Amino acid sequence: MIGSRVIAIDGAAGSGKSTLARAIAERLGLPYVNTGEMYRAVAAAALASGVDTDDAPGLLDLARRSRFILADGAPRELEVEGWPRERLHTADVDATVSAVSRHPAVRAHLREAQRAFARAGAVMEGRDIASVVVPDARVKVYVTAHEDVRASRRAKQRGADLTGTDDALRRRDARDAVTTPHVPAAGADVVDTTHLDVDGAIEAIMAIVRRRAPELVP
């Protein structure tokens, strides 16, 4: 059982899961593993090297050459060697990452790297953590929010225009749904953050952790 010390936080883009997962990791003293950064690293590498998003073998080679570590900090956090975080969160990467992640061979390779982090315990964030990567996770949380709220949060985060962000988010949702449907994993607790501030959402998730895995709470 690799998920005995794993808090799996899934959800759609812009739902707030990154902010919440990092905060929960800090509360519990566990590493924070944002698995989306792995796919973003492959997408960024593909853009930089000119590898087409239809070239599955080429993308798999880029994935195999990527190196993932836990950087020092509180919490310790997934870092992709050679790729500063800001390089992984550009509009071009946003538009490319779904096309990269749809390839089964790429997903299978990155899944093994994700499971290696899971074995040591972590708060893991992504689109398929509780359903595919670590289906036996001790705690499974699906974070959701109304589409308008998600778009507003993403626009504020990126300093972008709301209308353009809303359109981009709709396209991202549609692309992501091809690979991973927008539904909670079996046994997951759903947290709707539409009307919650950050502190309220953190407390909602911590209440789930206390109920599901009290031994993980310091």
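Structure's up top.
Source: prediction; values computed, not measured.

Enquirer: I tried to follow unusual backbone geometry on my own but got confused; where do I start?
Expert: Across the junction of Ala74 and Pro75, the peptide omega takes the value 5°, indicating a cis bond. With respect to the secondary-structure elements, Pro75 resides in the loop between β3 (68-71) and β4 (77-80).

Enquirer: Explain the nonpolar core here, please?
Expert: Soluble globular proteins tend to bury their nonpolar side chains together. Of all hydrophobic cores here, the largest spans 36 residues; its most connected members are Leu59, Leu110, Met124 and Val134. It is helix α2 (residues 36-49) that provides the largest number of residues to this core, a total of eight residues. In this view, Met124 contacts Val6, Ile7, Ala8, Ile9, Val33, Thr35, Gln114, Ala118, Ile129 and Val134; residues no more than four positions away in its chain are not counted. Core analysis: the second largest hydrophobic core is formed by 23 residues, Ile9, Leu20, Ala201 and Val209 among them.

Enquirer: Is there a simple way to think about the side chain of Thr194 in this case?
Expert: Here Thr194 shows up in the loop between β7 (189-192) and α10 (198-212). Since its relative accessible area comes to 18%, Thr194 is described here as buried. In terms of polar contacts, Thr194 uses its side chain to reach the backbone amide nitrogen of His146, at 2.8 Å. Engagement of the side chain of Thr194 in a polar contact is seen with the side chain of Asp192, the distance being 2.6 Å.

Here is what the cut-offs are and how they apply
- Along each chain, residue indices are assigned from 1 in the same order as the chain's sequence is written.
- Per-residue local features of the predicted model are confined to residues with pLDDT of at least 70, and side-chain atom pairs are confined, for both listing and counting, to 80 or more; whole-chain, interface and lining totals are unaffected and use all residues.
- Excluded from the side-chain calculation are hydrogens and water; included are all heavy atoms of the structure.
- Working definition: helices are DSSP H or I runs of at least four residues, strands are E runs of at least two. Numbering for both runs from the N terminus.
- Here, nonpolar core refers to any group of buried Ala, Val, Leu, Ile, Met, Phe, Trp, Tyr and Cys residues whose side-chain atoms link them within 4.5 Å.
- Here the term buried applies to any residue with accessible area under 20% of the maximum for its type, exposed to any over 50%, and partly exposed to those in between, with areas from a 1.4 Å probe on protein chains only.
- Residues count as neighbours in contact if any of their non-hydrogen atoms are within 4.5 Å of one another.
- Two N or O atoms form a polar contact when they lie within 3.5 Å of each other; inside protein one atom must be a possible hydrogen donor and the other a possible acceptor, and for residues adjacent in sequence the pair counts only when both atoms belong to side chains.

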